[in-house]
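Letter by letter, the chains look like this.
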Amino acid sequence: RNTKSVFAMENDQSSKKARLEEIDYVLTQALVPKPLETSKYRYAMICSSNINRSMEAHTVLQNDGFAVDSYGVGKQLRLPGPDGARCFDFGTPYEEITRTLKEEAQAHYSKVGVLELALRATNTKPAPQRWQDAPTSDLNRLNVVIVFETRLFEATILGRFLLRLKELHGTFS
């Protein structure tokens, strides 16, 4: 091979990578307006903070017309801040989270990709939801629940179990 063909091959590989990244970006951005839900089943996506994996899956499925909800099972939404974890309570609107991140350290949050996650989430739903705090009526509509980490599966099951006990027996400690 001559130098030109090796250079052309490297450029071709980098352009393929750029095209794949562009496709991935398009797939994971919420469509506005949201497509009509056409799926027969209702799905739930669960991760720890309801901003990364569960929101990406929520967005991709919602864009394809699936009926989908997403939740977190952590105590708070935790993001990597410049000086440790930056936490928000579940229910804090994604617009407020985005605004706060921009005000506090926009360069940092852009660099680590958190600002992009918050912006995507803003277009998908109003605020992060916590599985353990969801009303039983909402959870009873679900047909399929997907949990993105093994350790979170236990929290998901335990949270549902404790919620059901509370409903049956009232408040307990």
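Residues numbered from 1 in each chain as written. Predicted model: local features only at pLDDT ≥ 70, side-chain atom pairs only at ≥ 80, totals over all residues. Heavy atoms only, no water.

A.B. asks: Before we go on, may I ask you to explain the environment of threonine 122 in this structure?
C.D. replies: By secondary structure assignment, the location of threonine 122 is in helix 4 (residues 114–124). Under the relative-accessibility criterion, threonine 122 is labelled partly exposed at 23%. Here the alpha-carbon distance between threonine 122 and isoleucine 51, two residues 71 residues apart in the chain, equals 9.8 Å. If we ignore the near neighbours within four places in the chain, the residues touching threonine 122 are Tyr94, Glu95 and Thr98. (Helix = DSSP H or I, 4+ residues; strand = E, 2+ residues; numbered from the N terminus. Buried < 20%, exposed > 50% of the residue type's maximum accessible area, 1.4 Å probe, protein only. Contact = heavy atoms within 4.5 Å.)

A.B. asks: Help me understand the confidence of the model for the protein in this model?
C.D. replies: Note that predicted coordinates carrying low pLDDT should not be read in detail. Overall, the prediction assigns the protein a mean pLDDT of 84, with 79% of residues at 70 or greater. Predicted confidence in the protein is weakest over helix 1 (residues 3–27), with a mean pLDDT of 53, and strongest over helix 3 (residues 94–111), with 97. Considering only residues more than four positions removed or in separate chains, one finds that residues 1–10, a stretch of pLDDT under 50, has two contacts. (pLDDT = per-residue confidence, 0-100.)

A.B. asks: Before we go on, may I ask you to explain the pairing of strand 3 (residues 77–81) in this structure?
C.D. replies: Taken residue by residue, a regular strand's side chains alternate between the two faces of the sheet. The side-chain alternation of strand 3 yields one buried face, formed by Leu77, Leu79 and Gly81, and one unburied face, formed by Arg78 and Pro80. Here strand 3 folds back onto strand 4 (residues 84–88) in antiparallel fashion, the turn holding two residues. (Pairing = 2+ DSSP bridges.)

A.B. asks: Sorry, what's going on with the nonpolar core here?
C.D. replies: Side chains of nonpolar character tend, in soluble globular proteins, to be buried together. Ile51, Leu77, Leu79, Tyr94, Ile97 and Leu101 are the most contacted members of the largest nonpolar core, which has 15 residues in total. Counting nine residues, the second largest nonpolar core, distinct from the first, contains Val73, Ala134, Leu142 and Leu152. (Core = buried A, V, L, I, M, F, W, Y, C linked by side-chain atoms within 4.5 Å.)

A.B. asks: Explain helix 2 (residues 53–63) here, please?
C.D. replies: Residues that lie three or four places apart on an α-helix share one face, since the helix turns once every 3.6 residues. With eight of its 11 residues buried, helix 2 lies for the most part within the structure. When we look at burial in helix 2, the residues that qualify are Ser54, Met55, Ala57, His58, Thr59, Leu61, Gln62 and Asn63. Once helix 2 ends, the next one or two residues include glycine 65, with phi positive near 90°.

A.B. asks: What should I look at first to understand the pattern of salt bridges in this one?
C.D. replies: This model, assessed by the stated rule, comprises eight salt bridges. For glutamate 149, the salt bridge is made with arginine 53, and the minimal N-O distance between the two is 2.8 Å. Linking glutamate 149 in the loop between strand 5 (144–147) and helix 6 (150–169) with arginine 53 in helix 2, this pair joins segments that are 96 residues apart in sequence. Glutamate 149 gets classed as partly exposed once you look at its relative accessible area, which sits at 22%. Looking at arginine 53, the relative accessible area reads 32%, which means it is partly exposed. Arginine 120 is paired through a salt bridge with glutamate 56; the nearest N and O atoms lie 3.9 Å apart. Residue arginine 120 is located in helix 4, and its partner glutamate 56 is located in helix 2; the two are separated by 64 residues in the primary sequence. In this structure, a network of salt bridges that share partners links the residues Glu37, Arg42, Asp69 and Arg141. (Salt bridge = Lys/Arg side-chain N within 4 Å of Asp/Glu carboxyl O.)

A.B. asks: Sorry, what's going on with the packing of helix 3 against helix 4 here?
C.D. replies: The geometry of a pair of packed helices is captured by two quantities: the angle between their axes and the separation between those axes. Packing of helix 3 against helix 4 leaves a shortest axis separation of 9 Å and a crossing angle of 160°. Here helix 3 is positioned roughly antiparallel relative to helix 4, judged by the angle of their axes. As helix 3 runs across helix 4, the sense of the crossing is left-handed. In this structure, helix 3 contributes Tyr94, Glu95, Ile97, Thr98, Leu101, Lys102, Gln106, Tyr109 and Ser110 to the contact, and helix 4 contributes Val114, Leu115, Ala118, Leu119, Ala121 and Thr122. Broken down by class, the residue content of the contact of helix 3 with helix 4 amounts to nine nonpolar, four polar and two charged. (Axes fitted to C-alpha atoms, helices over the stretch in contact; angles between N-to-C directions. Parallel < 35°, antiparallel > 145°, perpendicular 65-115°, else oblique. Left-handed = near helix turned anticlockwise from the far one by under 90°. Nonpolar A, V, L, I, M, F, W, Y, C, P; charged D, E, K, R; others polar.)

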